[in-house]
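# Descriptive structure summary
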Amino acid sequence: GEAPPPPPPPEEKKDDEEKAEEEDLIKMKTSILYTVGLLILSFTDLIYVVWLFFVTLAWNWNVWLIPVRCTFPYQTPENIHWWLLMDYFCDGIYIVDIFVMQPRLQFVRGGDIVVSESTCFLFPLDLLYFFTGVKSLLRFPRLLKYNAFFEFNDRLEAVMSKAYIYRVIRTSAYLLYSLHCNACIFYWGSDYEGLGSTKWVYNGKGNSYIRCYYFAVKTLITIGGLPDPTTVFEIVFQMLNYFVGVFAFSIMIGQMRDVFGAATAGEAYYRHCVDSTVKYMSSYKIPREVQNRVKIWYDYTWKSQGMLDEQELLIQLPDKMRLDIAADVNYSIVSKVALFQGCDRQMIFDMLKRLKSVVYLPGDFVCKKGEIGREMYIIKAGEVQVVGGPDGMTVFVTLRAGSVFGEISLLAGGGGNRRTANVKAHGFANLFILDKKDLAEILVHYPESQKLLRKKAKKMLTKDKKPTDEKDQAKDTGEVIPQRPETPKLFKAALEVGTGQTFAKLKEAYKGATLEVFISPVKPETHCTIFGCSRQKIGIEKQSWRFL
């Protein structure tokens, strides 16, 4: 006959592929990309943020110094070459950004990556220098590249962990720039009226910019104490200054309030929760010791996490993003649990979203002996101790970050999942809790993982245990796999009838006695083999039988 076909080659291990897929799964994909050649930079990539920083510096050079050069006599024929050198250096940054960087900018529109469709081209009015001389006002089109400034603000705030600090600095810069522009306008008005012509205008002494800036501060902030204007031009100028100053200063104050309000919103919520809880405990006359422990819990939770409830923050995010965050935070810890090794990976990811973070104070009991176990605990930070003994103070073992306990309770059968030891926090302890109900809802969709978990739980429970008798062994096994219910008595009797056991017992008990039974007519001289007896009297319905 033909030789049997060769066996199929063994499946290659896919550990590396699985790890690669796992890393791809937990990486957060961004919707805005920046590409330079084959290099793709994310929305918060520092390389592009640094480049935008240089573009913003070039833009600020024009924004701050064009008004100064147009009004103050700081640009002279002796230093014009230094001004032009800086101008064209900034123009070079503009050119690289417009023709090299921006055309490669990509963004997502309708689910597709689209290349930037337009670039900001600034017409070089510097060519008019040949006819008018070097006039800084001709550089005004450079100010139109303001989009780079706002884009830099957005990306920098996305990178910073405390973005409110930059917002405060930026709002302060807005105020300083408004004073800067007012100082330039005041010098222009003084020069128009004539330096030192009246008491109201700048007299031409000292540092012109500092003195005009001082005037702008007193005018916009409406401090007062300024000389009274005398001419119509001075009166109109001062009136406009006061009106602009009131609106500009009120807007700046409002923005600053919003910035500080947003920066302290979390802390304000924390204070509100603490005050409400303290008021509640005081109204119900809760003991002072309990109140102090509650305050300590609030204080430690806020300082360690920066929030009171992580789930409240993450619930606003889509499921995919919640999974990415949960995988980054919790996967390294859950993957160490021996009970879940070998289970479906997607089941582990679904479980990560169900973990709840709870903080225990020093001396708090996480669980007590005899309690019904409904949760599994994973130590995120801190230590817990397993205690017992006659006084309940003997420390059997100390569990640290990454340790797991209570996992058997997740799969234990009814009535057999009581805690076997006391566990209390040794210092502050932050634990992840997985509820038995949550795990049951997940395992409904993963039957193979459910079988594997039950098998592992049984093995872990019976490990290092040697029951003394069958009763104890059945009891131990029942904690993971519920005991098979007892066979109903009626069904057991039917089985005994089928095997002849019932009438064998009757034969032994009533040997020699006469038994009358009511049966349908049968043929005479029939021997009843199943009953083990012979017929002595034949009737229509009532018959007598005698046991041999």
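Rules of the game
- Residues numbered from 1 in each chain as written.
- Predicted model: local features only at pLDDT ≥ 70, side-chain atom pairs only at ≥ 80, totals over all residues.
- Heavy atoms only, no water.
- Helix = DSSP H or I, 4+ residues; strand = E, 2+ residues; numbered from the N terminus.
- Contact = heavy atoms within 4.5 Å.
- Areas by Shrake-Rupley, 256 points an atom, 1.4 Å probe, with all protein chains shown as cover.
- Salt bridge = Lys/Arg side-chain N within 4 Å of Asp/Glu carboxyl O.
- Buried < 20%, exposed > 50% of the residue type's maximum accessible area, 1.4 Å probe, protein only.
- pLDDT = per-residue confidence, 0-100.
- UniProt positions renumbered as here; feature names shortened; annotations may be inferred.
- 1 Å grid on protein atoms, 1.4 Å probe; cavity = no way out; pocket = protein on both sides within 12 Å on 5 of 7 lines; lining within 4 Å.
- Points joined across faces, edges and corners; volume = space filled by probe spheres on them.
- Nonpolar A, V, L, I, M, F, W, Y, C, P; charged D, E, K, R; others polar.
- Axes fitted to C-alpha atoms, helices over the stretch in contact; angles between N-to-C directions.
- Parallel < 35°, antiparallel > 145°, perpendicular 65-115°, else oblique.
- Expected span 1.5 Å × (residues − 1).
- Arc of directions from axis to C-beta.
- Pairing = 2+ DSSP bridges.
- Core = buried A, V, L, I, M, F, W, Y, C linked by side-chain atoms within 4.5 Å.

A separate point is the overall build of the chain. For the chain, the helix and strand inventory stands at 18 helices and 13 strands. Of the contacts made within the chain by residues no fewer than 6 positions apart, 67% connect residues no fewer than 24 positions apart. Carbon and sulfur atoms form 61% of the exposed surface of the chain, whose accessible area is close to 35,200 Å².

Here we come to the pattern of salt bridges. Within the structure shown, the criterion is met by 17 salt bridges. R142 is the partner of D91 in a salt bridge, and the nearest nitrogen-oxygen pair spans 3.0 Å. Here R142 lies in the loop between α4 (129-132) and α5 (147-159) and D91 lies in helix α3 (residues 80-101), a separation of 51 residues in the sequence. For R142, a relative accessible area of 6% puts it in the buried group. A salt bridge links D97 to K145; the shortest N-O distance between them is 2.8 Å. You can see D97 sitting in helix α3 and its partner K145 sitting in the loop between α4 and α5, a full 48 residues away along the chain. K145 matches D97 in its accessibility class, with the two residues each being buried. Linked through salt bridges whose partners overlap, the residues forming this network are R69, D87, D91, D126, R139 and R142.

Turning to the confidence of the model for the chain, a few remarks are in order. Overall, the prediction assigns the chain a mean pLDDT of 75, with 71% of residues at 70 or greater. Predicted confidence for residues 24-41 stays below pLDDT 50, and this span has 40 contacts to residues more than four positions away or in other chains. Of the regions scoring below 50 in pLDDT, residues 468-483 engages in 23 contacts with residues more than four places distant in sequence or in other chains.

A few words now on the UniProt feature "transmembrane region" (unreviewed entry) in the chain. Under the present numbering, the feature "transmembrane region" (unreviewed entry) in UniProt falls on residues 32-60, 172-190 and 235-253. Across residues 172-190, helical content stands at 100% and strand content at 0%; the span's end C-alpha atoms are separated by 27 Å. For residues 235-253, the helix share is 100%, the strand share is 0%, and the end-to-end C-alpha distance is 27 Å.

Okay, empty space enclosed by the protein next. The method is simple in principle: a probe with the dimensions of a water molecule rolls over the atoms, and the space it marks as empty is what remains. Per the stated rule, a full pass over the model turns up one cavity of 30 Å³ or more. Of the volumes computed, that of the largest cavity is approximately 30 Å³. Around the largest cavity, the lining residues are L175, S178, L179, L220, I221, G245, A248 and F249. Where the lining of the largest cavity is concerned, the elements lending two or more residues are α6 (163-193) and α8 (232-263). For the lining of the largest cavity, the per-class residue count stands at six nonpolar, two polar and no charged.

Time to look at the packing of α6 against α8. Relative orientation of the contacting elements α6 and α8 amounts to 175°, with a least axis distance of 9 Å. The angle between α6 and α8 falls in the class roughly antiparallel. Looking at the contact of α6 with α8 residue by residue, the class counts come to 16 nonpolar, six polar and three charged.

Right, let's get into the layout of surface pockets. Volume-wise, the second largest pocket comes out at about 490 Å³. As for the second largest pocket, its lining consists of 20 residues, and the residues nearest its centre are A265, G266, E267, W302 and G306. When contributions to the lining of the second largest pocket are tallied by element, the ones reaching two or more residues are α6, α8, α9 (265-283) and α11 (310-314). Sorting elements by how many residues they give to the lining of the second largest pocket places α9 first, with four residues. Looking at the lining of the second largest pocket residue by residue, the class counts come to 10 nonpolar, five polar and five charged.

This part is about α9. Turn by turn, an α-helix covers 3.6 residues, leaving residues three or four places apart pointing in a common direction. Taking 1.5 Å as the rise per residue, α9 with 19 residues should run 27 Å; its terminal C-alpha atoms sit 27 Å apart, in good agreement. Among the residues of α9, those classed as buried are Y270, C273, V274, T277 and M281. The buried residues of α9 occupy one face: seen down the axis, they fall within an arc of 95°. More than 90 degrees from the buried face of α9, the exposed residues found are H272, D275, K279 and S283.

With 10 of 14 residues buried, strand β10 (residues 422-435) is to be regarded as a mostly interior element. Bridge count between strand β5 (residues 356-360) and β10: five bridges; the pairing is antiparallel. Residue pairing in the sheet places Y360 in a bridge with A429 of β10. For strand β6 (residues 365-367) and β10, the ladder comprises two bridges, and the chain directions are antiparallel. Its bridge partner lying in β10, C367 is registered against V423. Relative to β10, strand β7 (residues 375-388) runs antiparallel, the two sharing 11 bridges. Residue pairing for β10: V386 is matched across the bridge by V423.

Let us look at the nonpolar core. If you look at the biggest cluster of nonpolar residues, it comprises 26 residues, and the most contacted ones within it are V334, F340, M347, I348, M351, L352 and I378. Looking at this core, the elements with two or more residues in it are α12 (319-334), α13 (345-352), β7, β10 and α14 (436-443). Considering each element in turn, this core owes the most residues, six residues, to α12. Here V334 is in contact with F340, I348, M351, L352, L355 and I378, once residues within four sequence places are set aside. Judged by nonpolar contacts, the second largest core, of 20 residues, contains W51, V55, A58 and W61.

Pairing analysis gives five bridges linking β7 to strand β8 (residues 394-399), with the strands arranged antiparallel. When the sheet's bridge partners are listed, G388 is paired in β8 with T394. Two successive antiparallel strands, β7 and β8, enclose a turn made up of five residues, where G389 displays a positive phi of approximately 90°.

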